[in-house]
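Chains, contacts and geometry: an overview
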Amino acid sequence: MRYVSTRGKAPILSFEEAMLTGLARDGGLYLPETIPQMSHADIAALAGLSYEEAAFRVMRPYIGDAFTDTEFQDIIARAYAGFAHAARAPLVQLAPGHHLLELFHGPTLAFKDFAMQLIGQLFEASLTRSGSRVCIVGATSGDTGSAAIDAFRGLEAVDVFILYPHGRVSEVQRRQMSTPGEANVHALAVEGHFDDCQARVKDMFNDFEFRDAVGLAGVNSINWARVLAQVVYYFTSAVALGAPHRKVSFTVPTGNFGDIFAGYIAKRMGLPIDRLVVATNQNDILHRCLSGGDYTPDGVIPSISPSMDIQVSSNFERALFEAYGRDGSATAQLMDELKSGGFTVSQGALEALRESFSSGRCDEDQTRAAIRRTWNETGELLCPHSAIGVHVAEEHLKPDVPMITLATAHPAKFPAAVEEASGQHPPLPAHMADLYDREERITELPNDLGAIESLIKERTAH
Ligand SMILES: *Cc1c(COP(=O)(O)O)cnc(C)c1O
């Protein structure tokens, strides 16, 4: 299996190379050269399998000869062993024809654990074999950082440094980053906003001397291996509701477009998906773009669903590449136009996008109302992101097609917003009930590249 860049000018890579590289050298994102197909019989045969066995069958064609079958099965087993639910991604019913896919039973209570736990094991297996080490640096507004720290804690071949905006993540998110005691993971509280953290990470990747000295690697949501891990639960949930013998639709609370793009890949592989519904909060650039074709960022307004407070949705580039018939130079041109303000999707490409994707937006009051209503009607307590999905899904229900809404985080990760909306305090699940008693380890740093780089150099000098 070979991987190509969305901008058409970077070297073609293997799965392992694409995974370790993350971003392509031409600034693009990697995609498989051809999308593997699963037949009607292949999909039907997933019924009743464990999550791990289904994951192996869905992902196997993508990894080429990077790992033997046994190695890959072991990697998958280790990745999901720490989940608190035997089904890994259980479905619960909300209403006739409407189901919730609970993706929050991983160690840090958000769907990002599905991809990050797998990528941790993939990195470890690959680096141990080659005898090399990498230093993963990432910026987070909360969920990605906690998922990365948990996934890489204690691994031999990897150091992890997560920059988060000091005082601007929730207490649960901060504690999930600061309480793991392993020496190879580091939570760095940087003075400033999320954008400052992200900018410093970009600066480090552009500082080639530093980059080579520490062996910098990235695991942000554009990493193909993360998208791939997320394809699996589209298959397992659709099959549980009758696919491939009938169609299903999905609604996905969306920010960087990584999770819903995995659904698009599942559809392209042969899963009978009717609609993929993009649900946005008040930062609704994707909804506006899918409605009218205009993609012009206009500043982030902070919301009670912070993991979706995004204006430049990085994985959308992959969908554009497909909608433009895999034309790398057309994609590169759109991204250039974005740098100088924005772009308009061509009529043909917009029609191509709309063949798969629908969209809707949910404002702050509607989010709170959806939390309250769902609690009253079903006893299910939603996090604000998942509530946005439920609100938008309800506008897209069709009589004969089951709708699956992705629940992307556990309500206890966002207790203040949930309690305000529902009057219910969401308790932490038993496996992390002592989170508030564990000792924290945080390094505070100024928003200064030199200071951040010297700390990382010092701590990686083994
Ligand atoms: C990351 C995240 C999202 C958005 O997912 P994307 O893949 O960036 O679209 C939604 N909800 C929660 C809770 C998240 O952590």
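Residues numbered from 1 in each chain as written. Predicted model: local features only at pLDDT ≥ 70, side-chain atom pairs only at ≥ 80, totals over all residues. Heavy atoms only, no water.

Moving on, we come to the overall build of the chain. Scanning the chain from N- to C-terminus turns up 19 helices and 15 strands. The C-alpha atoms of the chain give a radius of gyration of 21 Å, which matches the 23 Å a tight globule of 462 residues would have. Along the longest, intermediate and shortest principal axes, the C-alpha atoms of the chain span 60 × 50 × 50 Å. Looking at the chain as a whole, 60% of its 462 residues are labelled buried. (Helix = DSSP H or I, 4+ residues; strand = E, 2+ residues; numbered from the N terminus. Rg over C-alpha atoms; globule rule 2.2 N^0.38 Å. Buried < 20%, exposed > 50% of the residue type's maximum accessible area, 1.4 Å probe, protein only.)

With that settled, the discussion passes to the site of the ligand. The ligand sits among 15 residues. The nearest are Lys112, Asp143, Gly255, Asn256 and Thr408. Contact between the ligand and glycine 258: an oxygen atom at 3.2 Å from a main-chain N or O atom of the residue. Interatomic distance of 2.9 Å between a backbone N/O atom of aspartate 259 and an oxygen atom of the ligand. In the complex, 97% of the free accessible area of the ligand, which totals 380 Å², lies under the protein chains. For the shell around the ligand, the residue count by class is five nonpolar, seven polar and three charged. (Near = heavy atom within 4 Å. Polar contact = N/O pair within 3.5 Å; in protein donor to acceptor, adjacent residues only side chain to side chain. Areas by Shrake-Rupley, 256 points an atom, 1.4 Å probe, with all protein chains shown as cover. Nonpolar A, V, L, I, M, F, W, Y, C, P; charged D, E, K, R; others polar.)

Going through the model one piece at a time under the given rule, you end up with 19 aromatic pairs. Ring geometry for tyrosine 62 versus tryptophan 224: centroids 5.9 Å apart, planes at 45°, classification tilted. Of this pair, tyrosine 62 sits in the loop between α3 (51-59) and α4 (69-80) while tryptophan 224 is found in helix α10 (residues 224-240), placing the two residues 162 residues apart along the sequence. Of the two residues, tyrosine 62 and tryptophan 224, both sit in the buried class. Note on tyrosine 295 and phenylalanine 316: the rings are 5.6 Å apart at their centroids and 20° apart in plane angle, and the pair reads as stacked. Placement of the pair is tyrosine 295 in strand β11 (residues 294-295) and phenylalanine 316 in helix α13 (residues 316-323), with a sequence separation of 21 residues. The two residues tyrosine 295 and phenylalanine 316 agree in class, both being buried. The structure contains a cluster of three or more aromatic residues connected by ring pairs, namely Tyr51, Tyr80, Phe83, Phe114, Tyr233, Tyr234 and Phe250. (Phe/Tyr/Trp six-rings, centres within 6.5 Å; stacked < 30°, edge-to-face > 60°.)

The next point concerns the UniProt feature "domain: Tryptophan synthase beta chain-like PALP" (unreviewed entry) in the chain. As annotated by UniProt and renumbered to match this structure, "domain: Tryptophan synthase beta chain-like PALP" (unreviewed entry) occupies residues 101-326. A helix fraction of 45% and a strand fraction of 18% characterise residues 101-326, whose end C-alpha atoms lie 31 Å from each other. (UniProt positions renumbered as here; feature names shortened; annotations may be inferred.)

What follows concerns the packing of helix α16 (residues 364-378) against helix α18 (residues 415-422). Relative orientation and spacing of two packed helices are given, respectively, by the angle between their axes and the distance between those axes. Across the interface, α16 lies against α18 with an axial gap of 8 Å and an inter-helix angle of 65°. Relative to α18, the element α16 is oriented roughly perpendicular. Our pair here, α16 against α18, has a crossing hand that is right-handed. Counted together, Arg368, Ile371, Arg372 and Trp375 of α16 and Val418, Glu420, Ala421 and Ser422 of α18 form the full contact between these two elements. Class assignment of the residues belonging to the contact of α16 with α18 gives a composition of four nonpolar, one polar and three charged. (Axes fitted to C-alpha atoms, helices over the stretch in contact; angles between N-to-C directions. Parallel < 35°, antiparallel > 145°, perpendicular 65-115°, else oblique. Left-handed = near helix turned anticlockwise from the far one by under 90°. Contact = heavy atoms within 4.5 Å.)

Inspection of the secondary structure puts glutamine 282 in the loop between β10 (273-280) and α12 (285-292). Given a relative accessible area of 15%, glutamine 282 falls into the buried group. Among the polar contacts made by the side chain of glutamine 282, one reaches the main-chain carbonyl oxygen of proline 302 at a distance of 3.1 Å. With residues up to four places along the chain from it excluded, the contact list for glutamine 282 reads Ile301, Pro302, Ser303, Arg361, Cys362 and Glu364.

This part is about helix α14 (residues 328-339). Over its 12 residues, α14 runs 17 Å from end to end, which matches the ideal 16 Å to within 8%, given 1.5 Å per residue. Every buried residue of α14 is listed here: Gly328, Ala330, Thr331, Leu334, Met335 and Leu338. Buried residues along α14 cover an arc of 165° about the axis, so they all sit on one side. Buried-residue contacts for α14 involve β11, α13 and β12 (343-344). Its side-chain oxygen 3.1 Å from the backbone nitrogen of serine 329, aspartate 327 forms the N-cap of α14. A positive phi of about 130° marks glycine 341, the residue just after α14. (Expected span 1.5 Å × (residues − 1). Arc of directions from axis to C-beta.)

Before going further, it helps to spend a moment on the pattern of salt bridges. Going through the model one piece at a time under the given rule, you end up with 26 salt bridges. Residue arginine 129 is joined to glutamate 16 by a salt bridge in which the shortest nitrogen-to-oxygen separation is 2.8 Å. Of the two residues, arginine 129 is situated in helix α5 (residues 112-130) and glutamate 16 in helix α1 (residues 15-21); the sequence distance between them amounts to 113 residues. Residue arginine 129 is classed as partly exposed on the basis of its relative accessible area of 44%. We note a salt bridge from lysine 413 to aspartate 143, for which the minimum N-O separation is 3.0 Å. Of this pair, lysine 413 sits in the loop between β14 (403-407) and α18 while aspartate 143 sits in helix α6 (residues 143-152); the two residues are 270 residues apart in sequence, bridging distant segments of the chain. A single network of salt bridges, built from pairs that share partners, joins Glu171, Arg174, Arg175 and Glu440. (Salt bridge = Lys/Arg side-chain N within 4 Å of Asp/Glu carboxyl O.)

Running from N to C, α5 and α6 point in directions that differ by 35°, and their axes come no closer than 8 Å. Every pair of crossing elements has a handedness; the one defined by α5 and α6 is right-handed. For the pair formed by α5 and α6, the contact residues are Lys112, Asp113, Met116, Gln117, Ile119, Gly120 and Phe123 on the first element and Asp143, Thr144, Ala147, Ala148, Asp150, Ala151 and Phe152 on the second.

Across the sheet, which stays open at both edges, the six strands sit in the order β3-β4-β14-β9-β10-β13 with mixed pairing between neighbours. Both outer strands of the open sheet, β3 (91-95) and β13 (357-361), are each paired with one neighbouring strand and no more. Averaged over all neighbouring strand pairs, the angle between strand axes comes to 25°, with direction disregarded. Sheet analysis places β10 next to β13, joined by five bridges and oriented parallel. Bridge pairing in β13 places valine 277 opposite serine 358. Strands β9 (248-253), β10, β13 and β14 of the sheet are contacted by helix α11 (residues 258-269), whose axis makes an angle of about 170° with β10. Each of β3, β4 (98-102), β9, β10, β13 and β14 is contacted by helix α17 (residues 384-394), which is oriented at about 165° to β14, the strand it contacts most. (Pairing = 2+ DSSP bridges.)

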